[in-house]
Amino acid sequence: IGLEKHIKRKFWDQVDELIQQIFVEERIIIGGDFNGPVRKYKQVHERIHGGYGLGDRNEGGENILDFAVAFYHVVTDNYFKKEG
């Protein structure tokens, strides 16, 4: 939040490059607060999203979903119902 779009884009480009260097056989876990709510989602990203979430999706949330789709990752936080 608060960073210019080109800085955010550079971050995601660097993460993409790093992930592409990891062998397919390897398993990785990426954790952190990316300031990107992905919110409740219906079926479109069923493979990567558990269907739960809070808040409005923003550009950061879209970037997280796009990243997860591109690299066959999942957003595990959204597999659990939240109170809020």
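Note that the structure is a prediction, hence the values are computed from the model and not measured.

**Student:** Teacher, can you tell me more about helix α1 (residues 5–20) here?
**Tutor:** Every α-helix carries 3.6 residues per turn, so stepping three or four residues along brings you back to the same face. Compared with the 22 Å implied by 1.5 Å per residue over 16 residues, the 23 Å span of α1 between its first and last C-alpha is a close match. Every buried residue of α1 is accounted for by W12, V15 and I19. The buried residues of α1 occupy an angular sector of 60° when the element is viewed end-on, so they sit on one face. Along α1, the residues that are exposed and aim more than 90 degrees away from the buried face are H6, K10, E17, L18 and Q20. In this structure, the buried side of α1 is in contact with α2 (59–70).

**Student:** I'm lost on the packing of aromatic side chains in this one. Help?
**Tutor:** In this description, an aromatic ring pair is defined by two values, namely the gap between the centres and the angle between the planes. For the structure shown, the criterion picks out three aromatic pairs. Each ring, one from W12 and one from F67, has its centre 5.4 Å from the other, and the planes form 50°; the classification is tilted. Residue W12 is found in helix α1, and its partner F67 is found in helix α2; the two are separated by 55 residues along the sequence. What makes W12 buried here is its relative accessible area of 9%. On the accessibility criterion, F67 (9% relative accessible area) is buried. Each ring, one from F67 and one from F71, has its centre 5.1 Å from the other, and the planes form 50°; the classification is tilted. Exposure class is identical for F67 and F71. Each is buried.

Calculation notes
Residues numbered from 1 in each chain as written. Predicted model: local features only at pLDDT ≥ 70, side-chain atom pairs only at ≥ 80, totals over all residues. Heavy atoms only, no water. Helix = DSSP H or I, 4+ residues; strand = E, 2+ residues; numbered from the N terminus. Expected span 1.5 Å × (residues − 1). Buried < 20%, exposed > 50% of the residue type's maximum accessible area, 1.4 Å probe, protein only. Arc of directions from axis to C-beta. Contact = heavy atoms within 4.5 Å. Phe/Tyr/Trp six-rings, centres within 6.5 Å; stacked < 30°, edge-to-face > 60°.

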